[in-house]
Amino acid sequence: MSKIGPNDPCWCSSGRKYKRCHQSRDLMKQLGGDAPVAKNAKSNSIKPGELSPIRTVPAHIVRPDYALTGRPSGSRVRNIIKNSDQIERMRRACRAARQVLEVAKAAIRPGVTTDAIDAITHQAYINLNGYPSTLNYHGYPKSLCTSVNEVICHGIPDSRALEDGDIVNLDVTIFLDGMHGDLSETVFVGKVDSASQKLVATTHECLMRGISTVKPGSRICDIGRGIQEVADEHGYGVVRAFVGHGIGETFHMDPQVPHYFDPGQTFELRPGMVFTVEPMINQGDWRHLMWDDRWTAVTMDGKRSAQFEHTLLVTERGVEILTLPEGEPQPFVF
Ligand code: MF3
Ligand code: CO
Ligand code: CO
């Protein structure tokens, strides 16, 4: 077989140039290189698998501006207070994101590859007339993030089969009605050890404690303070490198929402603001290492990490969680 040049079409028939698609992964393998091995990593640590060809989205689905180029236009949304039309479209996008997540969760069991989860999820977005927001976002190659065990976030679905005892975060974002809706949950694969059960339960508690602080007049730093309090009680590490974010017509926008206590974050919350809270909580050290794929973030010590995410609207009376399961009552109404 003749060698593929960087500007030739990729072997995976994605239609993208080789250098923009599989080249770095192929190179990594030829060099015998692998992901950086974390300190204290166990022999069963997660390793990169094979990527399937890029999935396509039917022409009738409305796409975000970066879908073709990989680069968001960067046109800044000036007003971070949303009007009633924008809020109604946010509600629809977030409800749909929840539905897609439930489809992904239902497919989780030992032996299923994360790529199979991607395929099922990809079809679920399309069935709802939505675009999978992560697909080609800054070149990200898949339709959701699957972060297993010591992977903190942005794990790329691949040929690795889920194993009994794994924990996996499923992070779903849909672009629908011109808005992005974003949520994630960490779920169990088969029977999980009690330390992991405690990590996952506490991470959910961190998310809900952070959200409980959200109301008009409170400050961004109150969210991180609440999260950090819960994590500290258990000696867990709060990841600092990845933060919650404003969301709407743009996937990631202002404000930034740290999940640790940063007293400098005095920005005041107002009705009509929409943003995510998405704490990543580690069994051990809060610091991360990045794989050579430049996406997958893993814990530095090889211990496990969990995450939960909701998209929120600040209301006159407190906070509306836009990504709750269908029919679940709002937990924080004042
Ligand atoms: N959904 C993730 C987040 O919350 C972002 C994933 S971006 C990707 O914020 F490119 F990594 F997929
Ligand atoms: Co997300
Ligand atoms: Co998010």
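Scope of this entry: the structure provided in the associated data block.

Rules behind the numbers
- Residues numbered from 1 in each chain as written.
- Chains lettered and ligands numbered in written order.
- Predicted model: local features only at pLDDT ≥ 70, side-chain atom pairs only at ≥ 80, totals over all residues.
- Heavy atoms only, no water.
- Pairing = 2+ DSSP bridges.
- Helix = DSSP H or I, 4+ residues; strand = E, 2+ residues; numbered from the N terminus.
- Axes fitted to C-alpha atoms, helices over the stretch in contact; angles between N-to-C directions.
- Buried < 20%, exposed > 50% of the residue type's maximum accessible area, 1.4 Å probe, protein only.
- Near = heavy atom within 4 Å.
- Polar contact = N/O pair within 3.5 Å; in protein donor to acceptor, adjacent residues only side chain to side chain.
- Areas by Shrake-Rupley, 256 points an atom, 1.4 Å probe, with all protein chains shown as cover.
- Nonpolar A, V, L, I, M, F, W, Y, C, P; charged D, E, K, R; others polar.

**Here we look at the sheet that holds strand S6 (residues 237–238)**
Move 1: The three strands lie next to each other as S6-S10-S13, forming an open sheet whose pairing is antiparallel. Looking at strand neighbours, the two that pair on one side only are S6 and strand S13 (305–307), the edges of this open sheet.
Move 2: Pairing between strand S10 (residues 280–282) and S13: three bridges, direction antiparallel. Within S13, the position partnered with isoleucine 281 by the bridge is alanine 306.

**A look at the sheet that holds strand S12 (residues 297–299)**
Move 1: Overall, antiparallel pairing links the three strands, which are arranged S3-S12-S11 in an open sheet. Each edge of the sheet is formed by a strand with only one pairing partner; in this case those strands are strand S3 (151–153) and strand S11 (288–290). Across this sheet, the average inter-strand angle for adjacent strands is 40°, counted without regard to direction.
Move 2: The pairing of S3 with S12 spans two bridges and is antiparallel. Directly across from cysteine 153, in S12, lies its bridge partner alanine 297.

**Regarding unusual backbone geometry**
Move 1: Omega for the bond connecting aspartate 254 with proline 255 falls within 30 degrees of zero, at 0°, which places this linkage in the cis form.
Move 2: For proline 255, the position within the fold is in strand S8 (residues 253–257).
Move 3: The backbone of histidine 138 sits at a positive phi, close to 50°, despite the residue not being glycine.
Move 4: Position of histidine 138 among the secondary structure elements: in the loop between strand S1 (131–132) and strand S2 (145–148).
Move 5: With phi around 65°, arginine 294 is a residue other than glycine that occupies positive phi space.
Move 6: You can see arginine 294 is positioned in the loop between S11 and S12.
Move 7: The exposure class assigned to arginine 294 is exposed, which follows from its relative accessible area of 69%.

**Some remarks on the pairing of strand S14 (residues 310–315)**
Move 1: The buried fraction of S14 is high, at six of six residues.
Move 2: Going residue by residue along S14, you find His310, Leu312 and Val314 tucked away on one face and Thr311, Leu313 and Thr315 tucked away on the opposite face as well.
Move 3: Examined bridge by bridge, strand S9 (residues 274–277) and S14 share four bridges and lie antiparallel to one another. The residue of S14 that forms the bridge with phenylalanine 275 is leucine 312.
Move 4: In terms of strand pairing, S14 meets strand S15 (residues 318–321) through four bridges, oriented antiparallel. By the bridge assignment for S15, leucine 313 is matched with glutamate 320.

**What about the site of ligand 1?**
Move 1: Around ligand 1 sit 14 residues in total, of which Thr134, Asp171, Asp182, His252 and Glu278 are the nearest.
Move 2: Contacts to ligand 1 include histidine 245, whose side-chain N or O atom sits 3.1 Å from an oxygen atom.
Move 3: In the environment of ligand 1, an oxygen atom lies 3.0 Å from a nitrogen or oxygen atom belonging to the side chain of histidine 252.
Move 4: Alone, ligand 1 offers 330 Å² of accessible surface; in the complex the protein occludes 97% of this.
Move 5: Residue composition of the shell around ligand 1, by class: five nonpolar, five polar and four charged.

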